[in-house]
Amino acid sequence: MSQRPAHRRHQAIDQYLAQDKVEDICQQLACAKSWLYKWRDRYDAHNPAWAQERSPRPKHSPTRTPEHVTRAIVSLHVTLRHNGTGGAAAIIQALAQQGIEPVPSRRTIDRILHRHHKEVK
């Protein structure tokens, strides 16, 4: 399998469009039927990039904590810790008092602070 992946995909689809048997294509290219069907479904004669691999990573994360809230949490943590108070409960209260929305859960605040602590080290 020294062929470039995109070339191999083109070869498979060319054979499929030439109505070669699926079993023969898969045997020749040492691929699974599911692989061939995946690329058949993605084939688009009008889009030359159809054979490019796509990242499985989502394009957006709707439940991700907004960056302005994350920055406020880290800033409040530093300030509150300097004043001798701190913790997720104090941060939640301070966020609410400042009108910062959405107010994340204690677990989310702990996760953000843990991640920030690792980045600082």
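Residues numbered from 1 in each chain as written. Predicted model: local features only at pLDDT ≥ 70, side-chain atom pairs only at ≥ 80, totals over all residues. Heavy atoms only, no water.

## Brief notes about the packing of aromatic side chains
Applying the stated rule across the entire model yields one aromatic pair. A ring pair is formed by tyrosine 43 and tryptophan 50, whose centres lie 5.1 Å apart and whose planes are at 85°; its orientation type is edge-to-face. Arginine 8 extends its terminal NZ or CZ atom over the ring of tryptophan 35, reaching a point 4.6 Å from the ring centre. In this arrangement the basic side chain of arginine 42 is found over the ring face of tryptophan 39, its NZ or CZ atom lying 4.9 Å from the centre. (Phe/Tyr/Trp six-rings, centres within 6.5 Å; stacked < 30°, edge-to-face > 60°. Lys NZ or Arg CZ within 6 Å of the ring centre and 35° of its normal.)

## Quick look at the nonpolar core
Within the largest apolar cluster, 15 residues are counted, with the highest numbers of intra-cluster contacts made by Ile73, Leu76, Ile91, Leu95 and Ile109. Sorting the residues of this core by element identifies helix H4 (67-82), helix H5 (88-98) and helix H6 (106-120) as the ones contributing at least two each. Per element, the largest residue contribution to this core is six residues, and it comes from H4. Among residues more than four places away in sequence, those in contact with isoleucine 109 are Ile73, Ala88, Ile91, Ile92 and Pro104. Core analysis: the second largest hydrophobic core is formed by 13 residues, Ile13, Ile25, Cys31 and Ala51 among them. (Core = buried A, V, L, I, M, F, W, Y, C linked by side-chain atoms within 4.5 Å. Buried < 20%, exposed > 50% of the residue type's maximum accessible area, 1.4 Å probe, protein only. Helix = DSSP H or I, 4+ residues; strand = E, 2+ residues; numbered from the N terminus. Contact = heavy atoms within 4.5 Å.)

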